[in-house]
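# Tertiary structure, described
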Amino acid sequence: MNVLLDHLPEFRDGFLGTIALTAASAALALVLGILMAGFRVSPVPPLRAFGTAWVTLLRNTPLTLLFLVAFFVVPLILFPGISPFVLATLALGFYTSSFVCEAVRSGISTVPLGQAEAARSIGMTFMQTLRMIVLPQATRTVIPPLSSIFIALTKNSAIAGAFSNTELFNVSKLLSDKGFAIGWIFLWIALAYLVITFTISGVFRLLERRLEVAR
Amino acid sequence: MTASVLYDAPGPKAKVRNRVYAVVGSLAILGLLVFAVLRLDAKGQLNPELWDILNYANVRTNILNGVLTTLQVFAVAAVLSLVLGVLLAVGRLSDHKPVRWLATGFIELFRAIPLLITIYALWVLFLSYQSELGFTGEGTQFWALVIGLTVYNGSVQAEVLRAGINAVPKGQREAAYAIGMRKTQVMTTVLMPQAIRAMLPTIISQLVVTLKDTSLGFVITYEELLYTLRLMAQNTTINEQDTYLPLIVAGGVIYVAMCLALSALANWIERRGRRAKTGIAVAEAGQAVTAGDAMGAIDGATTPGPVDKTG
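The model shown is predicted, which means the values in this text are computed figures rather than measured ones.

Below, the discussion takes up the packing of helix H10 (residues 183–213) of chain B against helix H12 (residues 244–275) of chain B. Residues and elements named next belong to chain B. Relative orientation of the contacting elements H10 and H12 amounts to 175°, with a least axis distance of 8 Å. Taken together, H10 and H12 sit at an angle that is classed as roughly antiparallel. Across from Leu200, Pro201, Ile204, Ser205, Leu207, Val208, Leu211 and Lys212 in H10, the residues of H12 making contact are Met258, Cys259, Leu262, Ser263, Leu265, Ala266, Ile269 and Glu270. Here the residues of the contact of H10 with H12 sort into twelve nonpolar, two polar and two charged.

See the structure below:
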């Protein structure tokens with residue numbers, strides 16, 4: 001109990017750090033994931049191949065390895081001295097984008113065939129069909145898997161703490177290094193994660209209800 | 001096919017246009033790759049000497065040892081998590097309220113907490129009671145990692161199995177009771193085998209997650225593959241440069257190969273299962289990788305059957 005009260009600022013910083021990291025990488029993952037899903041269903045073979053390679057590679061690599069890449073290889077390619085927050089966001093965002101891509105792609109496949117056929121028959125192009133007819137309808141089916149992907153992302157963000165980001169895992173590590181009982185720290189941190197994940201699933205359930213339409 | 005829904009078989013005009021897109025797209029992707037390679041080259045990361053370290057015998061032995069320890073952790077954690085998964089699934093479906101609550105609480109708690117934090121907490125706990133528990137040397141890290149992986153993946157596997165058990169047609173259970181089987185017999189001889197069979201692709205996909213997560217041992221300084229790679233990269237300097245790039249590339253190839261081999265097994269079983277006419281649909285192999293990572297995803301996402309396909 002005392003651990004929490006005595007170190008409220010640390011816990012608060014960690015909590016906010018986890019939220020910031022999750023939000024930033026969720027945004028990146030969403031953009032990249034939808035782009036890659038677009039690539040994977042496009043009529044252009046090289047783009048399809050790129051999308052497939054992207055998903056296969058990122059889904060089968062441990063996130064921890066991606067963190068190593070982000071912290072030791074990316075600065076070589078871009079510029080040295082990028083903040084750890086940006087690097088962690090890159091690693092988390094790229095990793096999660098492969099799951100978002102697959103969710104969006106399977107969402108696209110649930111849109112009835114006739115919808116796309118109708119769109120094409122009135123002369124819409126691939127991009128128009130995708131943007132105005134298919135993706136809006138796919139959104140509905142994509143929301144439940146997206147919710148679980150973002151919850152997973154929240155939990156995965158803990159790894160960033162091991163790479164000198166201030167977030168919840170980092171805080172628990174610091175405090176247990178100072179000799180506080182790990183049991184209590186564990187409990188408070190678990191509670192903090194529960195708050196975040198329940199919020200996410202709540203927001204998504206709300207979205208789901210909002211977007212619900214009889215088909 | 002998803003692809004063919006969105007566009008017609010291309011005519012002459014569309015073919016030309018697609019070819020233009022193909023060229024432009026390829027050039028853009030190639031451009032990014034070339035940029036990365038040029039930058040790495042400018043930093044001297046592509047020097048042959050740097051990559052030559054992969055030819056050294058002791059580097060290779062180290063990598064091999066890393067792979068072996070990773071597989072060792074994976075093997076123990078996989079077996080234990082499956083055992084725990086079965087126990088928890090049975091517990092969750094128990095007729096006794098306290099058992100049900102206990103199993104549900106356990107599953108929900110460990111699925112909600114980041115695995116890394118569970119592993120770390122176990123490690124700290126084990127370190128402080130090292131002598132009482134009889135751990136020596138690497139035993140502390142090994143068991144922290146294995147038990148962490150077991151409680152997390154066991155919880156996820158339990159949910160997968162529960163979905164599988166619920167998917168067994170009700171008549172099976174009723175028929176089993178009707179011929180006088182006891183509860184335990186119904187579970188072990190009728191429900192479990194069918195559930196495991198139907199869920200095998202998902203179970204194996206979750207094992208891929210387990211395999212990937214062994215790399216979390218890195219954080220608690222357990223000498224599995226990733227930690228070995230990092231240690232070597234830090235300690236081996238050539239031309240005053242650490243050797244992260246070659247070692248990370250080598251490690252990445254190994255991890256991807258191991259995971260792809262396991263997923264291939266899952267896909268093969270899925271395809272085989274779909275041919276069989278048991279009346280219970282086999283779950284899709286791909287789904288668990290996302291769902292398993294997440295809390296509360298199992299209930300909807302991996303329920304086997306035609307729900308997803310006809311929708």
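Let us keep going from here.
Right, let's get into unusual backbone geometry. Residue and element names in this part refer to chain B. For Thr221, which is not glycine, the phi dihedral falls at a positive 55°. For Thr221, the location among the structural elements is in the loop between H10 and helix H11 (225–235). When its relative accessible area of 30% is taken as the criterion, Thr221 is described as partly exposed.

Turning to a nonpolar patch on the surface, a few remarks are in order. Taken together, the side chains of Leu30, Leu33, Val34 and Leu38 of chain B define a hydrophobic patch exposed on the protein surface, amounting to about 380 Å² of accessible area. Within the secondary structure, Leu38 of chain B sits in helix H2 (residues 12–42).

Structurally, Lys212 of chain B can be placed in helix H10. In contact with Lys212 of chain B, other than residues within four places in its own chain, are Arg59, Asn60, Thr61, Pro62, Tyr95 and Phe99 of chain A together with Cys259 of chain B.

This next bit is on the nonpolar core. Of all hydrophobic cores here, the largest spans 132 residues; its most connected members are Phe67 of chain A together with Leu6 of chain B. In terms of residue count, helix H8 (residues 126–156) of chain A provides more of this core than any other element does, twelve residues in total. Beyond its immediate chain neighbours, meaning those up to four positions away, Leu6 of chain B contacts Val41, Ile108, Ala116, Arg120, Phe126, Thr129, Leu130 and Val134 of chain A. Core analysis: the next-biggest nonpolar cluster, separate from the first, contains 23 residues, Ala163, Met187, Met192 and Ile203 of chain B among them.

As a volume, the second largest pocket reaches approximately 1,500 Å³. Residue lining of the second largest pocket: 38 residues in total, with Trp54, Val69, Ile77 and Phe94 of chain A together with Leu33 of chain B positioned closest to the centre. By residue number, the principal contributor to the lining of the second largest pocket is H2 of chain B, which donates nine residues. Residues belonging to the lining of the second largest pocket are distributed by class as follows: 35 nonpolar, three polar and no charged.

So, on to the interface of chain B and chain A. Contact with chain B, which involves 56 residues of that partner, is made by 59 residues of chain A. Interface area for chain B against chain A, summed over the two sides, is near 5,200 Å², with a carbon-plus-sulfur share of 76%. Along the contact surface separating chain B from chain A lie zero salt bridges. At the surface where chain B touches chain A, the tally comes to eight residue pairs in polar contact (both at pLDDT 80 or more). Put simply, the parts of the chain that give the side of chain B that touches chain A at least two residues each are helix H1 (3–6), H2, helix H5 (97–112), helix H6 (115–128), H10, H11, H12 and helix H13 (287–293) of chain B. Ranked by residue count, the leading element in the side of chain B that touches chain A is H2 of chain B, at ten residues. A class-by-class count of the residues in the side of chain B that touches chain A yields 36 nonpolar, 13 polar and seven charged.

All right, on to the packing of helix H6 (residues 84–108) of chain A against H8 of chain A then. All names here are of chain A. Running from N to C, H6 and H8 point in directions that differ by 140°, and their axes come no closer than 8 Å. By the criterion of interaxial angle, the relationship of H6 to H8 is oblique. Taken as a pair, H6 and H8 cross one another with a handedness that is right-handed. For the pair formed by H6 and H8, the contact residues are Leu92, Tyr95, Thr96, Phe99, Val100, Ala103, Val104, Gly107 and Ile108 on the first element and Leu130, Val134, Leu135, Ala138, Thr141, Val142, Pro145, Leu146, Ile149, Leu153 and Asn156 on the second. Within the contact of H6 with H8, the residues separate by chemical class into 16 nonpolar, four polar and no charged.

It is worth spelling out the pattern of salt bridges at this point. By the definition in use, this model includes seven salt bridges over all chains. Residues Glu102 of chain A and Arg40 of chain A are paired through a salt bridge, measuring 2.8 Å at the closest nitrogen-oxygen approach. Of the two residues, Glu102 of chain A is situated in helix H6 and Arg40 of chain A in helix H2 (residues 8–41); the sequence distance between them amounts to 62 residues. Residue classification places Glu102 of chain A among the buried positions, given a relative accessible area of 17%. For Glu159 of chain B, the salt bridge is made with Arg92 of chain B, and the minimal N-O distance between the two is 2.8 Å. A residue pair is termed long-range when its members are at least 10 positions apart, and Glu159 of chain B in helix H8 (residues 139–167) and Arg92 of chain B in helix H4 (residues 57–92) qualify at 67 residues. Accessibility expressed as a relative area gives 16% for Arg92 of chain B, which makes it buried. Salt bridges here are not isolated pairs; linked through shared partners, they connect Arg40, Glu102 and Arg105 of chain A.

Conventions and cut-offs
- Residues numbered from 1 in each chain as written.
- Chains lettered and ligands numbered in written order.
- Predicted model: local features only at pLDDT ≥ 70, side-chain atom pairs only at ≥ 80, totals over all residues.
- Heavy atoms only, no water.
- Axes fitted to C-alpha atoms, helices over the stretch in contact; angles between N-to-C directions.
- Helix = DSSP H or I, 4+ residues; strand = E, 2+ residues; numbered from the N terminus.
- Parallel < 35°, antiparallel > 145°, perpendicular 65-115°, else oblique.
- Contact = heavy atoms within 4.5 Å.
- Nonpolar A, V, L, I, M, F, W, Y, C, P; charged D, E, K, R; others polar.
- Buried < 20%, exposed > 50% of the residue type's maximum accessible area, 1.4 Å probe, protein only.
- Patch = residues over 30% accessible without salt bridge, like charges linked within 9 Å, V, L, I, M, F, W, Y side chains within 5 Å.
- Areas by Shrake-Rupley, 256 points an atom, 1.4 Å probe, with all protein chains shown as cover.
- Salt bridge = Lys/Arg side-chain N within 4 Å of Asp/Glu carboxyl O.
- Core = buried A, V, L, I, M, F, W, Y, C linked by side-chain atoms within 4.5 Å.
- 1 Å grid on protein atoms, 1.4 Å probe; cavity = no way out; pocket = protein on both sides within 12 Å on 5 of 7 lines; lining within 4 Å.
- Points joined across faces, edges and corners; volume = space filled by probe spheres on them.
- Buried area = accessible area lost by both parts, 1.4 Å probe.
- Polar contact = N/O pair within 3.5 Å; in protein donor to acceptor, adjacent residues only side chain to side chain.
- Left-handed = near helix turned anticlockwise from the far one by under 90°.

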